[in-house]
Amino acid sequence: MFVPGHITGFFRIHREKDPLRTGSTGVGITVDKGVTTEVRSGEGRIYFNDREMDLCPTKEILNNMGIEGYDVIHKSQLPLGCGLGVSGGCALGCAYELGRIMDPQMNKLELLKIAHISEVRCGTGLGDVMGQYFGGFTIRKKPGFPPDVKKINIKDKDRYYIVVEILGKRETRDVIEDPNWIEKINKVGDRLLKEILKNPTLENFMALSYIFVKETGLASEEILSLCEDLSFSRGASQAMLGDTLFVLCTDEEIKDVLSVLKNPIICRIYEGKYG
Ligand SMILES: Nc1ncnc2c1ncn2[C@@H]1O[C@H](COP(=O)(O)OP(=O)(O)O)[C@@H](O)[C@H]1O
Ligand SMILES: CC(C)(COP(=O)(O)O)[C@@H](O)C(=O)O
């Protein structure tokens, strides 16, 4: 099963005792590169791009679903740990593939719950799997379950590219479990969520994401400088939570965008929905 990469532009952290009510509000978008997961008979091993890996969310799901005798194989077009929702993609793909074995009639929202809880417990995500489940350009208005996600229709979706440049890795857990970061993120995130609801366009999403990464201090100097160099595009910012630049552009700007970057990953917007 394929699960698209997900880029969060800005978010707000909500922590409750119940992992189902824990999550994030915020805004993100899914891209046409992501993670494909399959399961096959085995001894509960996890593979990520052909390397055996003790990947927390996948391990959490294998334990929770109590299924033995299967290996989980993830093949990702995007790097892990770079703010592209790869951990969420692995979690959702694993839940779906194991759920299919356990009970093909299993309600897809139940599988989403399993994936969400595994991300929250591992500290690898708060809202990615919601964005990946609904697909496209989504505003998460409430954290966790029951989902309250507004999917924004994108006019002429196929005009746009989302170009990604990885500058490094960042452990999501180091930020979303740090009280100092939580305070900064929530102060700015709350304000910007109100802004996007007034004007839910892709260009405004990019502009608000840039404000978010700048005001929270999450943005690296290198990425801020690249964003300035890319001011001719439809918007540039840092993918949360990674050391990753993402740029929105169309055919008119793509050539100039690529001339600024060293190792660009060219994506399109992906709108598939799983529910
Ligand atoms: N080689 C590895 N072996 C086991 N776990 C890894 C390895 N590399 C990364 N991880 C784990 O993968 C998870 C990545 O989660 P996250 O930072 O949210 O990634 P993403 O931004 O791609 O969703 C973290 O728990 C990290 O510790
Ligand atoms: C931004 C983040 C908290 C982490 O995203 P990633 O680094 O891609 O796991 C995401 O889960 C979200 O809630 O929007």
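Since we're looking at a predicted model, the values are computed, not measured.

**Some details on the overall build of the chain**
Per the secondary structure count, the chain includes nine helices and 11 strands. Taken against the 2.2 N^0.38 rule, which gives 19 Å for 275 residues, the C-alpha radius of gyration of the chain at 18 Å falls within 12% of a compact globule. Principal-axis analysis of the C-alpha atoms gives the chain an extent of 55 × 35 × 35 Å. Looking at the 275 residues of the chain, the share that counts as buried comes to 57%. In the chain, 74% of the contacts between residues at least 6 apart in sequence involve partners at least 24 apart. Element-wise, carbon and sulfur atoms account for 48% of the exposed surface of the chain, whose accessible area totals about 11,800 Å².

**Some thoughts on the sheet that holds strand 8 (residues 160-168)**
Hydrogen bonds along the backbone pair up the strands of a sheet, which may run parallel or antiparallel. The strand order across the open sheet built from four strands is 9-10-8-11, with neighbouring strands paired in antiparallel fashion. Only two strands of the sheet have a single neighbouring strand rather than two, namely strand 9 (235-238) and strand 11 (265-267). With direction set aside, neighbouring strand axes in the sheet form an average angle of 20 degrees. Bridge count for strand 8 against strand 10 (residues 243-250) is eight bridges, and the pairing is antiparallel. Bridge pairing in strand 10 links Val163 to Val247. Strands strand 8, strand 9 and strand 10 of the sheet are contacted by helix 7 (residues 202-216), whose axis makes an angle of about 40 degrees with strand 9. Against the sheet, helix 8 (residues 221-229) makes contact with strand 8, strand 9 and strand 10, and its axis sits at roughly 10 degrees relative to strand 10, the strand it touches most.

**Comments concerning the domain arrangement of the chain**
Each assigned domain of the chain is listed with its residue range as follows: domain 1 (2-150) and domain 2 (153-267). Taken over C-alpha atoms, the centre of domain 1 sits 22 Å from the centre of domain 2. If you look at the interface, domain 1 gives 33 residues, while domain 2 gives 37 residues. Taken together, the two surfaces of domain 1 and domain 2 that pack against each other cover about 2,900 Å², and 71% of this comes from carbon and sulfur. A per-residue breakdown of the area domain 1 buries against domain 2 is headed by Phe10, Phe11 and Phe137, which together make up 24% of the total. For the pair domain 1 and domain 2, the number of links is one salt bridge. With its nearest N and O atoms 2.9 Å apart, the salt bridge here joins Arg12 to Asp190. One can count 11 residue pairs in polar contact (both at pLDDT 80 or more) joining domain 1 with domain 2.

**Here we look at the pairing of strand 6 (residues 137-142)**
Looking at chain direction, strand 2 (residues 23-41) and strand 6 are connected through four bridges and run antiparallel. Paired with Gly28 across the two strands is Thr138, which belongs to strand 6. In this antiparallel pair of consecutive strands, strand 6 and strand 7 (residues 148-152), the connection spans five residues, and Gly144 shows a positive phi of 60 degrees.

**Considerations on the site of ligand 2**
In the vicinity of ligand 2 lie 17 residues, with Thr8, Ser24, Leu126, Gly127 and Thr172 positioned nearest. Between ligand 2 and Thr8, the relevant distance is 2.6 Å, taken from an oxygen atom to a side-chain nitrogen or oxygen of the residue. Residue Ser24 places a side-chain N or O atom 2.6 Å away from an oxygen atom belonging to ligand 2. Looking at the shell around ligand 2 residue by residue, the class counts come to six nonpolar, nine polar and two charged.

**Some points on the environment of Arg12**
Relative to the assigned elements, Arg12 resides in strand 1 (residues 2-14). Each C-alpha atom, one on Arg12 and one on Leu192, is 9.4 Å from the other, the two residues being 180 residues apart in sequence. The residues touching Arg12, leaving out its near neighbours within four places in the chain, are Gly23, Ser24, Thr25, Ile185, Asn186, Gly189 and Asp190. In terms of polar contacts, Arg12 uses its side chain to reach the side chain of Asp190, at 2.9 Å.

**Topic: the site of ligand 1**
In the vicinity of ligand 1 lie 17 residues, with Gly81, Ser87, Thr124, Glu171 and Thr172 positioned nearest. Take Gly81: an N or O atom from its main chain is 2.8 Å from an oxygen atom of ligand 1. Measuring from an oxygen atom of ligand 1, one finds a side-chain N or O atom of Ser87 at 2.7 Å. When ligand 1 sits alone it has 580 Å² of accessible area, and the protein chains cover 78% of it. Of all the secondary-structure elements, those providing two or more residues to the shell around ligand 1 are helix 2 (86-102) and helix 5 (172-176). Considered class by class, the residues forming the shell around ligand 1 number six nonpolar, six polar and five charged.

Reading the values: rules and limits
Residues numbered from 1 in each chain as written. Chains lettered and ligands numbered in written order. Predicted model: local features only at pLDDT ≥ 70, side-chain atom pairs only at ≥ 80, totals over all residues. Heavy atoms only, no water. Helix = DSSP H or I, 4+ residues; strand = E, 2+ residues; numbered from the N terminus. Rg over C-alpha atoms; globule rule 2.2 N^0.38 Å. Buried < 20%, exposed > 50% of the residue type's maximum accessible area, 1.4 Å probe, protein only. Contact = heavy atoms within 4.5 Å. Areas by Shrake-Rupley, 256 points an atom, 1.4 Å probe, with all protein chains shown as cover. Pairing = 2+ DSSP bridges. Axes fitted to C-alpha atoms, helices over the stretch in contact; angles between N-to-C directions. Domains from an automatic or database assignment. Buried area = accessible area lost by both parts, 1.4 Å probe. Salt bridge = Lys/Arg side-chain N within 4 Å of Asp/Glu carboxyl O. Polar contact = N/O pair within 3.5 Å; in protein donor to acceptor, adjacent residues only side chain to side chain. Near = heavy atom within 4 Å. Nonpolar A, V, L, I, M, F, W, Y, C, P; charged D, E, K, R; others polar.

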